[in-house]
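Inside the fold
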Amino acid sequence: MLFYPGNKTGGIPGTLPGPPPAGPYYWWEGGAMMGTYIDYWHWTGDASYNHVIMEGMLHQVGDKRNYMPANYTASLGNDDQGFWGLSVMSAAEYNFPNPPGDKPQWLGLAQAVFNTQAARWDTEHCNGGLRWQIFSWNNGYDYKNSISQACFFALGARLALYTGNQSYADWAVKTWDWMVGVDFIDKYWRVLDGAHTGPNCTDIVPYQFSYNAGGFILGAAAMYNYTEDSMWKDRLDNLVEGAKVFFTGPNKDIMTEVACESVNRCNLDQQSFKAYLSRWLAAITKWAPHTYDVVIPYLRASAVAAAKQCTGGKNGRLCGLKWTTDEFDGNTGVGQQMAAMEVTLSCIIKDRGAPVTHDRGGTSKGDPGSGGDDVGRNSPKGPNFKPITAGDTAGAA
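Quick summary incoming for the structure in this document.

Quick notes on the rules
Residues numbered from 1 in each chain as written. Predicted model: local features only at pLDDT ≥ 70, side-chain atom pairs only at ≥ 80, totals over all residues. Heavy atoms only, no water. Helix = DSSP H or I, 4+ residues; strand = E, 2+ residues; numbered from the N terminus. Buried < 20%, exposed > 50% of the residue type's maximum accessible area, 1.4 Å probe, protein only. 1 Å grid on protein atoms, 1.4 Å probe; cavity = no way out; pocket = protein on both sides within 12 Å on 5 of 7 lines; lining within 4 Å. Points joined across faces, edges and corners; volume = space filled by probe spheres on them. Nonpolar A, V, L, I, M, F, W, Y, C, P; charged D, E, K, R; others polar.

1. Details of unusual backbone geometry
- A positive phi angle is found at Lys252, which is not glycine, with a value near 50°.
- Relative to the helices and strands, Lys252 resides in the loop between β3 (247-248) and β4 (254-255).
- Of note in the backbone geometry, Asn264 takes a positive phi value of approximately 55° without being a glycine.
- Relative to the elements of secondary structure, Asn264 occurs in the loop between β4 and α9 (273-287).
- The exposed category is assigned to Asn264, whose relative accessible area is 58%.

Take a look at the structure:
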């Protein structure tokens, strides 16, 4: 919370200092941080920050209550919107305190994100998939990345499990099949970063990032719980096995962002990725209990290693990035703090309640048709200007 200005005078609830060039952090990481504190409340019972988190989550919903606020159209990707959707989905699954009745509700917000994204599914290029960027004039609109698909896949799987609505599961299946079809999930169960639409998604960027694998692991666990189909168990188990690439150190059990840590090239986004792999590996133990004995030893070893990094800063407890180093590495930020907190919290997951569903204790109200006229939209809306008059022309001259 030392990094969060949203609850201070002059701050914008739900956002971190940014986006570039005004500050370092993009809008999506605020949503990711909200999700971290939902986990924190669920796993510890400490409600001290709940009012701050609710304020931030509601402030960023946008005019159409679907996490497409106009202020961020210059950098709004499907993955950015998706992270806010995953956070409100966690709020519904954990029975985070519901907003007042005149405000949008957690489940309805998750459905709004899903609805707007499902309508953007692009079959014209690469035979399907979501583009990285939402708006056609943004850099990256020609790239289809795994994290956008991972957020959509995991959200659909979790909505299916929570609501019992098969249509969400059908979209999850479609997303999975597309990922395999374009080799973003390859025969070695590696989740690769993405490719461009120009060459029909054949120029695959081969980097492996932990949050890409984590998102599909999360969704596969939800699908396994929803379907009880051994096919999804096999997919989940293989993805978990493939994710062991992200664990290094003497015993190969310390979480590492392998694509960038070893060469000191992790950008601000990438510095937070271990938070989500930690969060999602812990979460799957509730939907697929057989995974507990597989993933928890890795998470515990990583938590011990992370603690050794959390000795920096003026307060002596800021966390560094590289958990494989026994001494504070001087690299601090929101992502490092989130990662250390999530991996530490994961150690107590066994004694915490399982996610609820609509039929099993869930209280959040849904809105299946939500999303407004942003559903499928890929160009920003401009102001409603009046027609130009002769007087306007003369005045401009």
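Now that the structure has been shown, we can carry on.
2. Some words on empty space enclosed by the protein
- Throughout the structure, instances matching the rule amount to four cavities of 30 Å³ or more.
- Here the largest cavity is characterised by a volume of approximately 80 Å³.
- Considering the residues around the largest cavity, the lining is formed by Asp39, Ser90, Glu93, Tyr94, Arg158, Leu218, Arg279, Trp280, Ala283, Trp287 and Pro355.
- Elements supplying a minimum of two residues to the lining of the largest cavity: α3 (78-93) and α9.
- The leading source of residues in the lining of the largest cavity is α9, at four residues.
- Residues of the lining of the largest cavity, tallied by class, amount to six nonpolar, one polar and four charged.
- Considered as a void within the structure, the second largest cavity measures approximately 60 Å³ in volume.
- In terms of lining, the second largest cavity is formed by Val240, Ala243, Lys244, Phe247, Leu281, Val294, Val295 and Tyr298.

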